[in-house]
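Chain by chain, the residues run as shown.
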Amino acid sequence: MSDLQPAAMVETRGLKVRFEQAGKRIEAVNGVDLSVSRGEALALIGESGSGKSVTLRALMRLHPERSTRIEGQIEIEGRELMAMSRGELSRLRGGEVAMIFQEPLLALDPVYTVGQQIVEGLRRHRGLSRSEARARALEALKSVRIPSPESRLDAYPHEMSGGMRQRAMIALALSCHPKLLLADEPTTALDATVQIQILILLRELRRELGLALIFVTHDIAAAAEVADRVAVMYGGRIVEMAPVRELLRAPRHPYTIALLASRPDGGLAKGKRLETIPGSPPDLAALPPGCAFAPRCRHAMAICSSQLPPSERIDSEHLVACHWAMGRSDADPYTQPRQEERMDR
Amino acid sequence: MGGYVVRRLLLTIPIMLGVALVCFMLVHLSPGDPLVSVLPPDASQALREQMISLYGFDQPYVVQFFKWLFNALQGNLGTSIATGRPVIDEVLVAAVNSLRLAVLATLLGFCFGSLFGFVAGYFQNSWIDKLASMLSIFGVSVPHYWLGMVLVIIFASQLYWLPATGGGPTGSDGWQWDWDHLQYMILPAITLSVIPTGIISRTVRAVVAETLAQEFIVGLRARGLGEAAVFRHVVKNAAPTALAVMGLQLGYLMGGSILVETVFSWPGTGLLLNTAIFQRDMPLLQGSIWVLALFFVSLNLCVDIFQALLDPRIERS
Ligand SMILES: Nc1ncnc2c1ncn2[C@@H]1O[C@H](COP(=O)(O)OP(=O)(O)O)[C@@H](O)[C@H]1O
Ligand code: SF4
Ligand SMILES: [Mg+2]
C-alpha cells in the first residue's frame, strides 16, 4: 500500500466469520474479498441467511467477541480493523463508519428522543457543547428532508412513522460526517412508495457528501437504484460481482440468473422475499466441500460437489465463482436424475 | 398527561369502595364474639345487649356498612373496643412506624437488588450471576420471621450489638432520629429487606438481560459509544420497571410484615393487626385494613403515574 496508490475505503481479504453456538459451529461468512473505494457504492444482495448482515457487522467489529471468530483481513483506509484498540474502534464507529439498520424502531433507543441520540453521538465524536450539538442535530434532520425537523428533535422513535424513523436514523448516522455508510436493508421494512423515497434520498446524500456506501438488500431493483457495483452472496461467499448494468445484462452465475428471473415485475412489495428459487439455503453448520449452491443448481456437475469453484475474473470488473460459468463441463451421469427430481417439484 | 392522572384517580374510587366492602365482610362474616375482649365471660345478658347496641352490632349489615363508610370518609373509623381510643389515632401511629421501617427496608432492597440485578444481567451466566441468583432465591424463599429470630440471636443475644425488640428505648415517647432509636430499626429493616432484595434483583436482571438483547444495543455500539454510555442507556430502559417493582414492594411491606413486626415487637401496623385479630377488635381490624388498602392503592397510583412520566413508551393519551 504505497502513498501513490491510496488505500481503498474498505477492503477485506479472505474474511471468515464463525459463531460458536450450542456446541455447533456456524460458518456464516466463508472467505469474502471485497473492496470499496471512496465515494463508491456496493450492493450486497442474496437470500436471507446468506451472510450479508454478518459481513456488514464484521466491518465494524460489532459481533460479540466471546462467541465469534473472525479470520482474514479487514482494512479501513489501510488500517487493520482487527488490530485496533478499543479507543480507535470507538472513534471509527459512528465517526468514520456509520451504520443504518432495517428496522429503525428496534435500532434506536426507545426511551431517548431522536435529538438526544444524535446529540449524544455528536458530543462523543465531535466534542461539541450541548447547544452546538443540538444545532448540528437539527441540521442533520434538515439534511434528510424531514418535515418540521424542530419538532422531530424532541420526538421519541415510536412517535414517528416508519419512513420518518428511517430518515431520522440516516440523519443520526450521517450527523458526524462519516466517510463510509453501511446500510443493512434500510428499505425492506417500508412501504413501496416510502422505499423509493428513501432510496432516492440515499442516492442524493451519497452524491452530496461523497459517501462510500455498502448497501445490503435482497431486492435487486433497490440495488440497481443506488449501487455502482453488485456483489451476490450465497452461503457466506460472494459468488458473483460486477457493475450493476453488467450484472443485470449478463449474469453468469446460475444463482444470479435464478435471482433475476424470480424478480417480480414492477418492484418488490413490502416484506416480499425472494423465495421463488426451489430448494432451501445451505445449512451453515454443515457446508459441503464443493459449491454450496449445487443442490439447487440446474447446471450442477460432479465436480461441483467435490471442488469449491474459485472466484475468477471474466473481465476486468466481472468476477464469478462457478465451474459451469467458466466453461468446465465434466458432467457426471448420475448427478442428473437427482437434479431432475428437484426441478420437478 | 393531566387527563391520564385524572382518569387514573377516578378509577381508584370504585376500587376503594370495593376494598371497603370486602374488608367489612371479612371482618363481620367471620365467626367469633366481637365483644370477647371487653366483656367478662360471665357478663349479664342486659349488659351484653347494651354493649351490642352501643357499637351498633345489632343493626342490619347494610346499615352498619354505610354508617361505617360515611364516618370513615370523614376520617372517623370508630373506637377500638380493646383500648377505647379512636381507631384512626391507633392506625396512624402504627402506620407511620411501619412506613419508616418499610421505607428503609425497601431502600435497602432497592440498592442491593438493583446492584445484584444489574451485575447479574450484565454478566449473564458468569459466577457472579449465579451467586446473585442464589442469593435472591434465598431471599424470597427463606421464612423471614425465622431469619429475624436468627439475627436477634446473633446480634442481640450473643454479640449485644443491637437491641432485640421494641420500637425505641423504654420511657421514650415517640420516634426520634437518633442512634438510640435508630438501632432498634436495624435488625427488622434488614430482615424485611431480604424479600424486596430478591424480587428486585430478579426483576432487574431480567429487564437488563432483555434490554441487552435488543438490537438498539448494537446500534449504540455502532455509534461508537463506550461501555459507560451503553450502561447509561440500559439503566434508563430498566429504571421504570425497577422503580415500579420497588413501589409495589413498599406496599407489601406496609401490610405484609405482621410476622416480622411481631418477632421484633415493632409497634407498626403488622403488630396492630396481630393484636386486633387476637382480641377480635373489629373496628380496629376493619379500620387498619382499610387504611392499609388505601395506602396500597395510592402507592399503586403514584407508581403508575411515575412510570408514565419516566417511560415515554407508555401511552398517555
Ligand atoms: N450472533 C450470531 N450467532 C450465531 N449465528 C448467527 C449470529 N448472527 C448471525 N448468525 C447466523 O448467520 C447466518 C447469516 O446471517 P445474516 O448475515 O444475518 O444473513 P442475511 O444475509 O439475511 O443478512 C444466519 O444463519 C444466522 O442465523
Ligand atoms: S459451481 Fe456448479 S453447482 Fe455451483 S453454481 Fe456453478 S454449476 Fe452450479
Ligand atoms: Mg440481514
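Residues numbered from 1 in each chain as written. Chains lettered and ligands numbered in written order. Predicted model: local features only at pLDDT ≥ 70, side-chain atom pairs only at ≥ 80, totals over all residues. Heavy atoms only, no water.

> Give a detailed account of the packing of helix 11 (residues 269-279) of chain B against helix 12 (residues 282-310) of chain B, specifying residues and quantitative values.
Residue and element names in this part refer to chain B. The N-to-C vectors of helix 11 and helix 12 enclose an angle of 150°; their axes lie 9 Å apart at closest approach. Classified by the angle between their axes, helix 11 and helix 12 sit roughly antiparallel to one another. Viewed along their axes, helix 11 and helix 12 form a crossing whose handedness is left-handed. Counting all contacts with helix 11, which are made through Thr269, Leu272, Leu273, Ala276 and Ile277, the residues of helix 12 involved are Leu284, Leu285, Ser288, Ile289 and Leu292. (Axes fitted to C-alpha atoms, helices over the stretch in contact; angles between N-to-C directions. Helix = DSSP H or I, 4+ residues; strand = E, 2+ residues; numbered from the N terminus. Parallel < 35°, antiparallel > 145°, perpendicular 65-115°, else oblique. Left-handed = near helix turned anticlockwise from the far one by under 90°. Contact = heavy atoms within 4.5 Å.)

> Tell me what's going on with the site of ligand 1, and back it up with residues and numbers.
Residue and element names in this part refer to chain A. Around ligand 1, the surrounding shell holds 13 residues, and the nearest of these are Gly49, Gly51, Lys52, Ser53 and Val54. Between an oxygen atom of ligand 1 and a side-chain N or O atom of Ser53, the distance comes to 2.6 Å. Note that an oxygen atom of ligand 1 is positioned 2.9 Å from one of the backbone N or O atoms of Val54. Compared with its free state, where it exposes 560 Å², ligand 1 has 69% of that area covered by protein. Counting residues per element, the shell around ligand 1 draws most heavily on helix 1 (residues 52-58), which supplies three residues. When the residues that make up the shell around ligand 1 are grouped by side-chain class, the tally is five nonpolar, six polar and two charged. (Near = heavy atom within 4 Å. Polar contact = N/O pair within 3.5 Å; in protein donor to acceptor, adjacent residues only side chain to side chain. Areas by Shrake-Rupley, 256 points an atom, 1.4 Å probe, with all protein chains shown as cover. Nonpolar A, V, L, I, M, F, W, Y, C, P; charged D, E, K, R; others polar.)

> Let's hear about the sheet that holds strand 11 (residues 312-315) of chain A: which residues, and what values?
Residues and elements named next belong to chain A. As summarised here, the arrangement of the eight strands in space is 6-7-8-3-9-10-12-11, forming an open sheet in which the pairing is mixed. At either margin of the open sheet sits one strand with a lone partner, and together these are strand 6 (97-100) and strand 11. On average, each strand axis in the sheet is tilted by 20° relative to the strand beside it, whichever way the strands run. Sheet topology places strand 3 (residues 41-45) next to strand 8 (residues 212-217); five bridges connect them, and they run parallel. (Pairing = 2+ DSSP bridges.)

> Please provide a residue-by-residue account of the interface of chain B and chain A, values included.
Between chain B and chain A, the residue contacts involve 17 residues of the former and 25 residues of the latter. The three residues of chain B that bury the most area against chain A are Glu215, Arg223 and Pro312 of chain B, which together make up 32% of that side's buried surface. Here chain B is connected to chain A by two salt bridges. Inspection of the region where chain B meets chain A yields eleven residue pairs in polar contact (both at pLDDT 80 or more). Broken down by element, the residue count for the side of chain B that touches chain A peaks at six residues, all from helix 8 (residues 215-222) of chain B. Here the residues of the side of chain B that touches chain A are counted per class, giving six nonpolar, four polar and seven charged. (Buried area = accessible area lost by both parts, 1.4 Å probe. Salt bridge = Lys/Arg side-chain N within 4 Å of Asp/Glu carboxyl O.)

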